[in-house]
Amino acid sequence: MKRLILCLCACLAGPAADAMEVRQFDDPAKEERYETLIKDLRCLVCQNQSLAESDAELAKDLRTEVYDIIQSGKSSEEAVRFLTDRYGDFVLYRPPFKSVTLLLWLGPFLLLAGGAVFLWKQAKRRADPVRQEEALSAEERRRLQQLKDRFQG
Amino acid sequence: MRFAIPLVIFVLLVVLLGVGLTLDPREVPSPLIGKPAPAFSLPEVAAADRTLSLDRLKGQVFLLNVWASWCVSCRQEHPVLVDFAKRGIVPVYGLNYKDTRDDALAWLKRFGDPYQASAFDEDGKMGIEWGVYGVPETFLVDQHGVIRYKQTGPVTPEDLENKILPLIRELQGAA
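Keep in mind that this is a model prediction, so the values were computed, not measured.

Across its full length, chain B carries six helices and seven strands. Going residue by residue from the N terminus, the α and β elements of chain B occur as α-β-β-α-β-α-β-α-β-α-β-β-α. The C-alpha radius of gyration of chain B comes to 20 Å, more than 25% above the 16 Å expected for a compact globule of 175 residues. In terms of its C-alpha atoms, chain B occupies a principal-axis envelope of roughly 75 × 35 × 30 Å. Of all intrachain contacts in chain B linking residues separated by at least 6 positions in sequence, the fraction that spans at least 24 positions is 71%. Of the roughly 9,400 Å² of accessible surface on chain B, a fraction of 60% belongs to carbon and sulfur atoms.

The next thing to look at is the overall build of chain A. Each helix and strand counted, chain A has seven helices and zero strands in total. Traced from its N-terminal end to its C-terminal end, chain A shows the element sequence α-α-α-α-α-α-α. When burial is assessed residue by residue, chain A has 26% of its 153 residues classed as buried. Accessible surface, chain A as shown: approximately 11,200 Å² in total, 61% of it carbon and sulfur.

Residue and element names in this part refer to chain A. For the pair helix α3 (residues 57–71) and helix α4 (residues 76–87), interaxial distance at closest approach is 8 Å and the crossing angle is 140°. Classified by the angle their axes make, α3 and α4 are oblique. Of the two elements, α3 crosses α4, and the hand of that crossing is right-handed. Facing Leu58, Leu62, Glu65, Val66, Ile69 and Ile70 of α3, the residues of α4 in contact are Ser76, Glu78, Ala79, Phe82, Leu83 and Tyr87.

Residues and elements named next belong to chain A. Mapped onto the secondary structure, Asp55 falls in the loop between α2 (28–40) and α3. Overall, the relative accessible area of 56% leaves Asp55 in the exposed class. Distance in space between the C-alpha atoms of Asp55 and Met20 is 8.1 Å, their sequence separation being 35 residues.

Moving on: the confidence of the model for chain B. On average, residues of chain B score 92 in pLDDT, and 99% of them reach the 70 mark or higher. Two numbers describe this predicted complex: its pTM, 0.76, and its ipTM, 0.81.

Across all of its chains, the model carries one disulfide over all chains by this definition. For Cys71(B), the disulfide goes to Cys74(B), at an S-S distance of 2.2 Å. Measuring the twist about the S-S bond at about 95°, one finds the Cys71(B)-Cys74(B) disulfide to be right-handed. Of the residues examined, Cys71(B) reaches a relative accessible area of 4% and is grouped as buried. Looking at Cys74(B), the relative accessible area reads 1%, which means it is buried. Of the cysteine sulfurs around Cys43(A), a residue in no disulfide, the closest is that of Cys46(A), at 3.8 Å.

Another point: a nonpolar patch on the surface. Together, Phe97(A), Leu102(A), Leu103(A), Leu104(A), Trp105(A), Leu106(A), Phe109(A) and Leu110(A) line one region of the surface with nonpolar side chains, adding up to about 870 Å² of accessible area. Structurally, Leu106(A) is set in helix α5 (residues 102–127).

On to the interface of chain B and chain A. Residue-level contacts link 16 residues of chain B with 16 residues of chain A. With both chains or domains summed, chain B and chain A bury close to 1,300 Å², and 50% of this area falls on carbon and sulfur atoms. Between the two partners, chain B and chain A, sit four salt bridges. For Lys125(B), the salt bridge goes to Glu65(A), with nearest N and O atoms at 3.1 Å. Run the count over chain B and chain A and you get five residue pairs in polar contact (both at pLDDT 80 or more). Here the element with the most residues in the side of chain B that touches chain A is helix α5 (residues 125–129) of chain B; it accounts for four residues. When its residues are assigned to classes, the side of chain B that touches chain A shows nine nonpolar, two polar and five charged.

Scoring rules and cut-offs
Residues numbered from 1 in each chain as written. Chains lettered and ligands numbered in written order. Predicted model: local features only at pLDDT ≥ 70, side-chain atom pairs only at ≥ 80, totals over all residues. Heavy atoms only, no water. Helix = DSSP H or I, 4+ residues; strand = E, 2+ residues; numbered from the N terminus. Rg over C-alpha atoms; globule rule 2.2 N^0.38 Å. Contact = heavy atoms within 4.5 Å. Areas by Shrake-Rupley, 256 points an atom, 1.4 Å probe, with all protein chains shown as cover. Buried < 20%, exposed > 50% of the residue type's maximum accessible area, 1.4 Å probe, protein only. Axes fitted to C-alpha atoms, helices over the stretch in contact; angles between N-to-C directions. Parallel < 35°, antiparallel > 145°, perpendicular 65-115°, else oblique. Left-handed = near helix turned anticlockwise from the far one by under 90°. pLDDT = per-residue confidence, 0-100. Disulfide = S-S within 2.5 Å. Patch = residues over 30% accessible without salt bridge, like charges linked within 9 Å, V, L, I, M, F, W, Y side chains within 5 Å. Salt bridge = Lys/Arg side-chain N within 4 Å of Asp/Glu carboxyl O. Buried area = accessible area lost by both parts, 1.4 Å probe. Polar contact = N/O pair within 3.5 Å; in protein donor to acceptor, adjacent residues only side chain to side chain. Nonpolar A, V, L, I, M, F, W, Y, C, P; charged D, E, K, R; others polar.

This is the structure in C-alpha cells:
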C-alpha cells in the first residue's frame, strides 16, 4: 500500500518536476525572488505559459539567465530588463503602464464609469414625474385625464 | 435614433475584433529593430579555429539567418536563401542555433551552403542576445551594424521581393 502511494505521488509529481530543474541558491530571499519572477515572465515559445511552467528549451535557457542574474546579487528589475531589452514587453504577463497600454489599464475603469453614468441617468429619468408627463402627447394626456376622472369619479 | 448608440457600439466592436483577427499572435515585435546589433564572437561552423564576429561583418549591409539542422521550417526556407545568395546582392551569414557541428555540416553539404560563414552558437547564448525565440529568423543589418528588419519564420520569395529587397536597396542607396 505504501509503495502504491509512493508510486502515485511520483507519477503526479513527474511532469512538474521535469519542467523545472533544481536550482541552488545561497540565500532564501533570492530563491523567492527567482520563483516569483519566473511565474510573472512569459515563455515566447508556448505563449500561454509562464517561464516557470514551460517545457520549451528556450524557457529553460531563459530560466538559467534569470537564475544567473538573481544569484549574482542583481535586482529583479535587472532580470526583467535583460528580457525586455531582447524580447520586448511581450515577456511580461503584467504589462507596464505607458502611453500604448493606457487603454488597457484605464479601459475597464472608463467602462465602469460610463455604465454608472448611464444607469444613474436612466434611474433619474424614470423617477422624474414631470418628465414622464412631458413624454406624453396632447392626445395621450387627454386620455390619461379621462381615465383619472373615471376612476376617481 | 433609439438604435443609433447600440449600433455604433456594435460596429466598433466588430471592427475591433476584426482587426484582432488579422494580427498574428506568434509575431513578437523585436525591440532590437533600429538598435545596434548585439556584439558576438563565436567559432565558425566550418572551422572551430576561425572566429565570426560582429566587427568582421560591419561596414556592409548583410543578412543574418538563424538556422539549425533540426529545424523543419529551415528546410522549407533554405532553397530561397541559396537562390538569394547566388544573386550576390548582399552577403548572407548564418547563426547556427543549438546544433551539433557534424549535423550542421552534413546539412549544408546536402542542401547547399548559402552562407559566407555561420557562427556556431552551441548553447544558444548569442540567440538570446539577439532575441531569437524560434528558428528560422532572419535579420537585416545595415553598414553601421544597426538591425533594420527581422523576419520571424521562413523567408518566402514574396517576403524577399516585397519587404527585404526594397529595404536593402534603400540602405545601399543611403551609403
